Amino acid sequence: TVKKTGRGAFRVFDPAMNLQARDAVRIDAALRQALKAGELHLLYQPIVATADRRLRKVEALVRWHSPTLGSVPPDRFIPVAEESGLVVELGAWVLGEACRQLAAWGPAAGALAVSVNISPRQLTAPGFAAQVRQLLDSHGIAPQRLELELTERVLIDEGQHTREVLAHLSQIGVRISLDDFGTGYSSLSYLTQFRIDTLKIDRSFITDIEHCPRSTNLVTTIVRMGLSLGMELVAEGVETAAQAEALAEMGCHCLQGYVISRPVAADAVPAMVSYGA
Ligand code: C2E
Ligand code: MG
Ligand code: MG
Ligand code: MG
């Protein structure tokens, strides 16, 4: 339908699209406020060694409780923030908060590492690597205790700038992790072009390994490939003991998922370091 708007202009009116766009504008505006008002916090999901179930690292996951919108899941607001560019500011807050928390856990956390999701726009924003360097310095964190989770998308449309940022991060000594591995583009060439420390095998592959031999074969192949390239392998979304068992047999180093632990509040982490998740 074509609608006459207030100022006398005509535009194509698509109710569904309009609703989505308005929703995004609303979420973006509310998120901008939320950042200032301190409505965001982080939860930490344990990642354990498959062999002894000891805590190796925690993944920082952002949470937003809005007084007006209620709880908004990251899958809903991260894409909106990525589109508007607000993710640069949001991501800086997440990274700062995760580093502050890692330092605050102190000696109780031992060599625990924290992994932080980095959106494509955040990675390529001016000064990103310098910001990482500065955070490590100011909190006195050893670089190898910070892992940055990138998606395949970042590496596939890499330009000269992305290449430089990744080289700079490599030089700083933070670890680089490929999140949701296998769901992006099928080119594997970037696995040799960039120094990638960790492969996180996407949950969609893990879900079926109990029942579907083809999935089992696929995950086995990913694990072998990662091992041969000297990477650490983390299975995401492990929900059953049988999946954990199968992954152990394959030689997958680490497990993350509800069968180990849901994401937890920061103050629950130190106890997990000493007693295991
Ligand atoms: P992700 O980085 O792949 O994080 C894993 C997601 O899977 C998390 O959802 C986690 O709660 C969920 N999960 C973990 N174990 C299981 C399981 O056993 N079963 C199931 N069904 N789910 C499991 P969450 O926290 O809702 O985050 C969703 C996505 O939002 C993340 O996927 C990540 O892409 C993005 N995200 C979250 N926090 C941030 C952030 O601070 N910055 C950026 N850029 N993205 C973030
Ligand atoms: Mg992640
Ligand atoms: Mg993931
Ligand atoms: Mg995901």
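An unreviewed UniProt entry lists the chain under the name EAL domain-containing protein, with Duganella lactea given as the organism.

Could you clarify how one ought to interpret the coordination of the magnesium ion (ligand 2) in this entry?
Ideal values differ by geometry: the angle at a metal is 109.5 degrees with four tetrahedral donors, but 90 or 180 degrees with six octahedral donors. Note on the magnesium ion (ligand 2): its protein donors are Glu 59 (OE), Asn 117 (OD1), Glu 149 (OE) and Asp 179 (OD). The metal-donor distances range over 2.0 to 2.2 Å. Here the magnesium ion (ligand 2) and the magnesium ion (ligand 3) are spaced 3.9 Å apart, and both take Asp 179 as a donor. Remark: Asn 117 occurs in strand E6 (residues 113-117) and Glu 59 occurs in strand E4 (residues 55-66); sequence separation between them is 58 residues.

Could you clarify how one ought to interpret the coordination of the magnesium ion (ligand 3) in this entry?
Within the protein, the atoms that donate to the magnesium ion (ligand 3) are Asp 179 (OD), Asp 180 (OD), Glu 236 (OE) and Glu 236 (OE), at distances of 1.9 to 2.7 Å. Sequence positions of the donors to the magnesium ion (ligand 3) reduce to the motif D-D-x55-E. The exposure class assigned to Asp 179 is buried, which follows from its relative accessible area of 7%.

How should I be thinking about helix H7 (residues 160-172) in this particular structure?
Spacing of three or four residues puts side chains on the same side of an α-helix, whose turn is 3.6 residues. For H7, with 13 residues, the first-to-last C-alpha span of 19 Å sits near the 18 Å given by 1.5 Å per residue. Inspection of H7 places Thr 162, Val 165, Leu 166, Leu 169 and Ile 172 among the buried residues, and these make up the whole buried set. For H7, the angular spread of the buried residues around the axis is 120 degrees, confining them to a single face. Counted as exposed and oriented over 90 degrees from the buried face of H7: Gln 160 and Gln 171. Those residues of H7 that are buried lie in contact with helix H4 (120-123), helix H5 (128-139), strand E7 (146-151), helix H6 (152-156) and strand E8 (175-181). One or two residues past the end of H7 sits Gly 173, with phi positive at roughly 100 degrees.

Explain the nonpolar core here, please?
The nonpolar side chains of a soluble globular protein tend to be buried, and buried together. Residues Leu 146, Leu 169 and Leu 247 are the most contacted members of the largest nonpolar core, which totals 79 residues. Top contributing element to this core by residue count: helix H3 (residues 87-105), with eight residues. Apart from residues lying up to four places away in sequence, Leu 146 is in contact with Leu 95, Cys 99, Val 114, Val 116, Val 132, Leu 136, Val 174 and Arg 175.

How each quantity is defined
- All residue numbers refer to positions counted from 1 along the written sequence of the respective chain.
- Here the convention is simple: chains get letters from A, ligands get numbers from 1, in the order in which they are written.
- Where totals are concerned, whole chains, interfaces and linings use all residues; where local detail is concerned, this predicted model gives features only for residues with pLDDT of at least 70, and gives and counts side-chain atom pairs only at 80 or more.
- Processing note: side-chain calculations cover all non-hydrogen atoms of the structure and skip hydrogens and water entirely.
- As a rule, N, O and S atoms within 2.8 Å of a metal are its donors, except that Na, K and Ca use 3.2 Å; water is not among the atoms, so sites may look incomplete.
- In DSSP terms, a helix is any run of H or I states spanning at least four residues, a strand is any run of E spanning at least two, and both are numbered starting from the N terminus.
- Throughout, exposure labels follow a simple rule: accessible area from a 1.4 Å probe, protein chains only, divided by the maximum for the residue type, with under 20% read as buried, over 50% as exposed, and the rest as partly exposed.
- An expected span of 1.5 Å times one less than the residue number is assigned to each helix.
- Working note: the arc is built from the helix axis to C-beta atom directions.
- Throughout, a contact is declared for two residues whenever any of their heavy atoms are within 4.5 Å.
- Here, nonpolar core means buried Ala, Val, Leu, Ile, Met, Phe, Trp, Tyr and Cys residues that are tied together by side-chain atoms lying within 4.5 Å of each other.

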